[in-house]
Amino acid sequence: MKQEEANKFETPDQGYILGIDTSCDETSLALLGKETGLVLENLISSQIEIHSQYGGVIPELASRKHSENLAALFEELLTRSQISVTDIVGVAATHTPGLIGCLLVGTAFAKALAYRLNVPLYAIHHLEAHLFSPFINSKPEFPFLGLVVSGGHTAFYDVESFDGITLIGQSVDDAAGEAFDKTAKLMGLGYPGGPVIDKLAQQGNTQKFPFTIPKVKMGEQYLSFSGLKTAVHHYVQKISSLDEQVQKDLAASLQYTIVEILIQKTKSFLKKKNYKSFALSGGVAMNSLLRERVAEMENEIGISTHMAKPEYCTDNAAMIAYLAQHREPLAHPFDLETLPTQKIQARQIKRKGSNSP
Ligand code: KG4
Ligand code: ZN
């Protein structure tokens, strides 16, 4: 029996927080017990098939699909969970970062529902929700070092509490997920590139193509992935035929290097402070080699490691509802603002007790 199904029968919750995520190409709705903090349902309607034919996400198409999907998915959520709409005692939506048209669909839905039901509304930062996703259905061990590796971001956070989050390191250019997606495109593979490269790499030689680990001049807290694109482009041009074995070796070497960059940086951050645990999240946290290497760190350096479960790695609304349970709601549903994505600034972002990013 799935965890969500088990919770349904074992936890008589009094009310549920509805989580909504429409930040990119997945429409997701979830229900989380307000008292127990356990996930009852987590529905995800993926648009990957639609966007993969274009080799990447088309923002206008994505927002249109969200508005088509959302009401039907909400109906399905109520049917599957067998709860009534009045059992919803709070609504939480991603309000940044993401594709602005997509965010608008989710926040408009959230605002209307919270107003209609007269329940609290929570504005949730998508990356902060990813950050805590390894602790869904459990409790974080503070302070922890968090690494969010997604298609748009690669960022390290020092996390002291649900509100005490400090950005301490990030990529200066491409995100780790972009490195997978863009190089896969250069190799003639499909979108998203991460899962395809992960699979091919299982049968490839990690040492066949020697990629270098970049040194970032701006400081040791930064990472860089854009050089890998250039290197793959160079190899692809040089090799006369990109046969199956070459693709496998290229995938294995590339994946090895991306993981090595992430693990080296993680270890250097773990030396700087006495963290209780390390938490890995985001779509790239699905990567099999990365998960292996993170698990090894438990014995190697004696740190307790937490990785988001596969269903909570890619975009999902369970993580939105989970974080809302630990945050203060907005004073009024109409206060919910959708914020356009800004590249995370190369500065420290400290948040203490505020509900905006
Ligand atoms: O967190 P996410 O669903 O969306 C964003 O918020 O960006 O992450 C999507 C990213 C894509 O770049 C995809 O290639 C990557 O996660 N990804 C993987 C794997 N599965 C998904 N990267 C490496 N290995 C995987 N197995
Ligand atoms: Zn995400």
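Just above sits the structure.
Predicted model only: the values in this text are computed from it and were never measured.

### Regarding the layout of surface pockets
Part 1 of the argument: When its volume is computed, the largest pocket comes out at roughly 1,200 Å³.
Part 2 of the argument: Ser150, Gly151, Gly152, Asp181 and Tyr191 are, among the 48 residues lining the largest pocket, the residues nearest its centre.
Part 3 of the argument: Those elements giving two or more residues to the lining of the largest pocket turn out to be helix H5 (126-132), strand E7 (154-159), strand E8 (165-171), helix H6 (176-186) and helix H7 (193-201).
Part 4 of the argument: A per-element tally of the lining of the largest pocket places H6 first, with six residues.

### Comments concerning the sheet that holds strand E2 (residues 26-33)
Part 1 of the argument: Taken in spatial order, the five strands line up as E3-E2-E1-E4-E5 in an open sheet, and their pairing is mixed. Of all the strands in the sheet, the pair left with one neighbour each is strand E3 (39-46) and strand E5 (121-125). Between one strand axis and the next, the sheet turns through 20 degrees on average, direction left out of account.
Part 2 of the argument: When strand E1 (residues 16-21) meets strand E4 (residues 88-96), the two strands line up parallel, connected through five bridges. From the neighbouring strand, Ile20 faces E4, where its bridge partner is Ala93.

### Considerations on the site of ligand 1
Part 1 of the argument: Every one of the 20 residues lining ligand 1 counts as a neighbour, but Gly151, Asp181, Gly194, Asp198 and Gly283 are closest to it.
Part 2 of the argument: Within the backbone of Gly194, a nitrogen or oxygen atom sits 3.0 Å from an oxygen atom of ligand 1.
Part 3 of the argument: At 3.1 Å from a nitrogen atom of ligand 1 is found a side-chain nitrogen or oxygen belonging to Asn287.
Part 4 of the argument: Expressed as a share of its isolated accessible area of 560 Å², the protein-covered part of ligand 1 is 88%.
Part 5 of the argument: Counting atoms within 2 Å of the grid points, the majority share of ligand 1 lands in the largest pocket.
Part 6 of the argument: For the shell around ligand 1, the secondary structure elements donating two or more residues are H5, H6 and H7.
Part 7 of the argument: Here the shell around ligand 1 takes four residues from H7, the largest share from any one element.

How each quantity is defined
- Residues numbered from 1 in each chain as written.
- Chains lettered and ligands numbered in written order.
- Predicted model: local features only at pLDDT ≥ 70, side-chain atom pairs only at ≥ 80, totals over all residues.
- Heavy atoms only, no water.
- 1 Å grid on protein atoms, 1.4 Å probe; cavity = no way out; pocket = protein on both sides within 12 Å on 5 of 7 lines; lining within 4 Å.
- Points joined across faces, edges and corners; volume = space filled by probe spheres on them.
- Helix = DSSP H or I, 4+ residues; strand = E, 2+ residues; numbered from the N terminus.
- Pairing = 2+ DSSP bridges.
- Axes fitted to C-alpha atoms, helices over the stretch in contact; angles between N-to-C directions.
- Near = heavy atom within 4 Å.
- Polar contact = N/O pair within 3.5 Å; in protein donor to acceptor, adjacent residues only side chain to side chain.
- Areas by Shrake-Rupley, 256 points an atom, 1.4 Å probe, with all protein chains shown as cover.
- Sits in = over half its atoms within 2 Å of the grid points.

The quantities given are spatial measurements derived from coordinates; they are silent on function.
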